[in-house]
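Listed here are the chains, written in short residue letters.
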Amino acid sequence: MNNLASIKIGIVGATGAVGVETLKLLSEINHPLDNIFLFASERSVGKFIKYKNSEIEILETSNENLKKIDIGFISVSSEVSELLAPKIVSNGGIVIDDGSAFRMKKDVPLVVPEINQQDLDSHLGIISIPNCTTTPLVMVVDAINQISKVKKVVVSTYQAVSGTGKEAVLELENQQNGNLETKIYDYQIANNVFPHVDDFLEDGFTKEEHKMINETKKILHDNNIEIIPTCVRVPVKVGHSESLCLTLENDISINKINEIFRKYQGIKLLDNKSETPYPMPLLSEGKKDVFVGRVRKSINNAREINLWLSCDNLIKGAALNALQILESMIERKLIK
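### A word on the state of the cysteines
Alright, step 1. Within this structure, the stated rule accounts for 0 disulfides.
Alright, step 2. A disulfide-free cysteine, Cys231 has its sulfur positioned 9.4 Å from the sulfur of Cys132, the nearest such atom.
Alright, step 3. Taking relative accessible area as the criterion, Cys231 reaches 0% and is therefore assigned buried.
Alright, step 4. Cys132 supplies the cysteine sulfur nearest to Cys311, a cysteine that is in no disulfide, at a spacing of 7.8 Å.
Alright, step 5. Using a relative accessible area of 0% as the deciding quantity, one classes Cys311 as buried.

### Quick look at the pattern of salt bridges
Pairs can form between side chains of opposite charge whenever their charged atoms are close.
Alright, step 1. If you walk through the whole model with that rule in mind, you get 13 salt bridges.
Alright, step 2. In this structure, Lys24 and Glu21 form a salt bridge, with 3.4 Å as the shortest nitrogen-oxygen distance. Of this pair, Lys24 and Glu21 both sit in helix 1 (residues 17–28), separated by 3 residues, roughly a single helical turn.
Alright, step 3. Given a relative accessible area of 15%, Glu21 falls into the buried group.

### Brief notes about the side chain of Asn258
Alright, step 1. Along the chain, the position of Asn258 falls in helix 8 (residues 254–263).
Alright, step 2. Once residues lying within four places of it in the same chain are set aside, the contact partners of Asn258 are Leu269 and Val295.

### Overview of the sheet that holds strand 10 (residues 240–248)
Alright, step 1. In spatial order, the strands read 9-8-10-13-12-11; together these 6 strands make up an open sheet with mixed pairing. Of all the strands in the sheet, just strand 9 (226–230) and strand 11 (267–269) have a single pairing partner and so form its edges. Taken over all neighbouring pairs, the strand axes of this sheet differ in orientation by 25° on average, direction set aside.
Alright, step 2. Here helix 5 (residues 134–145) sits on the sheet and contacts strand 8 (150–158), strand 9, strand 10, strand 11, strand 12 (290–297) and strand 13 (304–311); the angle it forms with strand 10, its principal contact strand, is near 30°.

### Considering the environment of Lys50
Alright, step 1. As for its position among the elements, Lys50 is in strand 3 (residues 48–51).
Alright, step 2. Taking the relative accessible area as the measure of exposure, Lys50 reaches 62% and is therefore exposed.
Alright, step 3. Separated by 154 residues in sequence, Lys50 and Gly204 place their C-alpha atoms 45 Å apart.
Alright, step 4. When neighbours within four sequence positions are excluded, Lys50 is seen to be in contact with Leu23 and Glu55.

### Some details on the packing of aromatic side chains
Alright, step 1. Evaluated as defined, the whole model comprises 3 aromatic pairs.
Alright, step 2. The rings of Tyr185, Tyr187 and Phe194 are connected pair by pair, giving a single aromatic cluster.

### Focus: the pairing of strand 12
Alright, step 1. Pairing analysis gives 3 bridges linking strand 11 to strand 12, with the strands arranged parallel. By the bridge assignment, Leu269 is partnered in strand 12 with Val292.
Alright, step 2. Bridging between strand 12 and strand 13 involves 5 bridges; their strand directions are antiparallel. When the bridges of strand 13 are listed, Arg296 appears paired with Asn306.

### Here we look at the side chain of Ser44
Alright, step 1. Residue position: Ser44 is located in the loop between strand 2 (36–39) and strand 3.
Alright, step 2. Sequence-distant contacts of Ser44, that is, excluding residues within four places in its chain, are made with Thr15 and Ile58.

### As for the nonpolar core
Alright, step 1. Leu38 and Leu326 are the most contacted members of the largest nonpolar core, which has 39 residues in total.
Alright, step 2. Elements with a contribution of two residues or more to this core: strand 1 (9–12), helix 1, strand 2, strand 3, strand 4 (54–59), strand 5 (71–74), strand 6 (94–97) and helix 10 (315–331).
Alright, step 3. Among the elements that make up this core, the one with the highest residue count is helix 10 (10 residues).
Alright, step 4. When sequence neighbours within four positions are dropped, the list of residues in contact with Leu38 reads Ile11, Ala14, Leu23, Ile49, Ile56, Glu57, Ile58 and Leu59.
Alright, step 5. One finds Leu137, Ile144, Val153 and Val155 within the second-largest nonpolar core, a separate group that totals 38 residues.

Definitions and cut-offs
Residues numbered from 1 in each chain as written. Predicted model: local features only at pLDDT ≥ 70, side-chain atom pairs only at ≥ 80, totals over all residues. Heavy atoms only, no water. Disulfide = S-S within 2.5 Å. Buried < 20%, exposed > 50% of the residue type's maximum accessible area, 1.4 Å probe, protein only. Salt bridge = Lys/Arg side-chain N within 4 Å of Asp/Glu carboxyl O. Helix = DSSP H or I, 4+ residues; strand = E, 2+ residues; numbered from the N terminus. Contact = heavy atoms within 4.5 Å. Pairing = 2+ DSSP bridges. Axes fitted to C-alpha atoms, helices over the stretch in contact; angles between N-to-C directions. Phe/Tyr/Trp six-rings, centres within 6.5 Å; stacked < 30°, edge-to-face > 60°. Core = buried A, V, L, I, M, F, W, Y, C linked by side-chain atoms within 4.5 Å.

Nothing here speaks to function; it is geometry throughout.
Next comes the structure, spelled out in structure tokens:
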């Protein structure tokens, strides 16, 4: 198989926020309807999802149906991933998983194609994509690493509720309309922020923050880089933002850093010359790039670079990254 159109793609979690975006991306490239298979929870089996001018039926995740696919894009809970991914692989398929189930396993590549697509060469059937906060972070670090080693990153995230799922978006909308009932989150998210995402661990950091630390090191193949994250949930529907302070090995001019951002595939620099002078979630929603702006040096340390970024957590943070992995695998002749 040397072209994308010939590949039978299964989307597991087709009714979820990431699954919906994955199907949109496939429609943009006119992937053949007959080569798309949709899977979701039992309550959705038998329903139809619109695709271009037609519809696709949601199938049950039986072994017979899973045998039909060459590639499985999985965006569901870790428990379901752990159940279904090995079945797809045992049938000769390849899994690109959006969840955390396999990310830190030694024999599973964790890939952002702009950075480490060569890691795909060693895959054993399962490939992971990183957390949606890790992806824009590592892209920025990788860009700057081309001109000076990044030794340390202090990062604060501003994460949209869609990262929790469609029900969290609905909860935010309801609260904005006056219904302050909380089901998904412990506290009201409208007009509020939570200074944590996921569960707290014994060291005071959260699981989400540990994901950023560990995934960054694995993707960059750099166990020495220091990552100090604070993950925050904000009342935004779509689009994660991050404030970064990066400590570089050398004193590099802002002009050189901006130049490398302009050249880096997947990053769009916004500065005073841009129509919009800095990134915002509303700007990044529905877009494929990581938007970077407000690039500046710390006042008392010329080797510290500060910046702000925003990106669509459902697209580059998930669906697009998975599709780019598939395209990279085709280019590297890794799909038989």
